[in-house]
Amino acid sequence: MRRYVLVSYDISDQKRWRKVYKIVRGYGMHVQYSVFLCQLTEKDEAELKQLLLDVIHQSMDQVIFARIGTVQANAAERNMSCIGRDFVPLDLKGLVF
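Just so you know, these numbers come straight off a predicted model, no measurement behind them. (Residues numbered from 1 in each chain as written. Predicted model: local features only at pLDDT ≥ 70, side-chain atom pairs only at ≥ 80, totals over all residues. Heavy atoms only, no water.)

Draft legend 1. A look at the overall build of the protein. The secondary structure content of the protein amounts to two helices and four strands. Residue burial in the protein is summarised as follows: out of 97 residues, 34% are buried. Within the protein, contacts between residues separated by at least 24 positions form 71% of all contacts whose residues are at least 6 apart in sequence. Accessible area for the protein stands at about 6400 Å²; split by element, carbon and sulfur atoms hold 51% of it. (Helix = DSSP H or I, 4+ residues; strand = E, 2+ residues; numbered from the N terminus. Buried < 20%, exposed > 50% of the residue type's maximum accessible area, 1.4 Å probe, protein only. Contact = heavy atoms within 4.5 Å. Areas by Shrake-Rupley, 256 points an atom, 1.4 Å probe, with all protein chains shown as cover.)

Here is the structure:
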């Protein structure tokens, strides 16, 4: 089952930041600076975490994974809202939100 996962990161070194950005970009949609919305299975999430562990400095950097609902859930069941400009999901990895 695919879940929406919000991935946000704070990387203290520019070189590591670029590597993290490129890794996460392969798994999700860039929605804001250092924030991605991903559709991940348990396996995808574990794989992404391992790739990031190989890059980040664990005492200086931080990556947050926030699960916000299943892809199959309707909008009312998702634990996500926004104010201001509406969030319009785009096609992600061949799947439509």
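Right, picking up where we left off after that structure.
Draft legend 2. Just the nonpolar core, in detail. With 17 residues, the main nonpolar core has Tyr 9, Val 20, Val 24 and Leu 48 as its most contacted residues. Taken together, the elements giving at least two residues each to this core come down to strand E1 (3–10), helix H1 (14–25), strand E3 (35–40) and helix H2 (42–53). Element by element, the count of residues in this core is highest for H1, at four residues. Leu 48 has contacts with Val 7, Ile 23, Val 24, Tyr 27, Leu 40 and Phe 65, leaving out every residue within four places of it along the chain. Formed by five residues, the second largest nonpolar core is a distinct cluster that contains Tyr 4, Met 29, Leu 37 and Ile 68. (Core = buried A, V, L, I, M, F, W, Y, C linked by side-chain atoms within 4.5 Å.)

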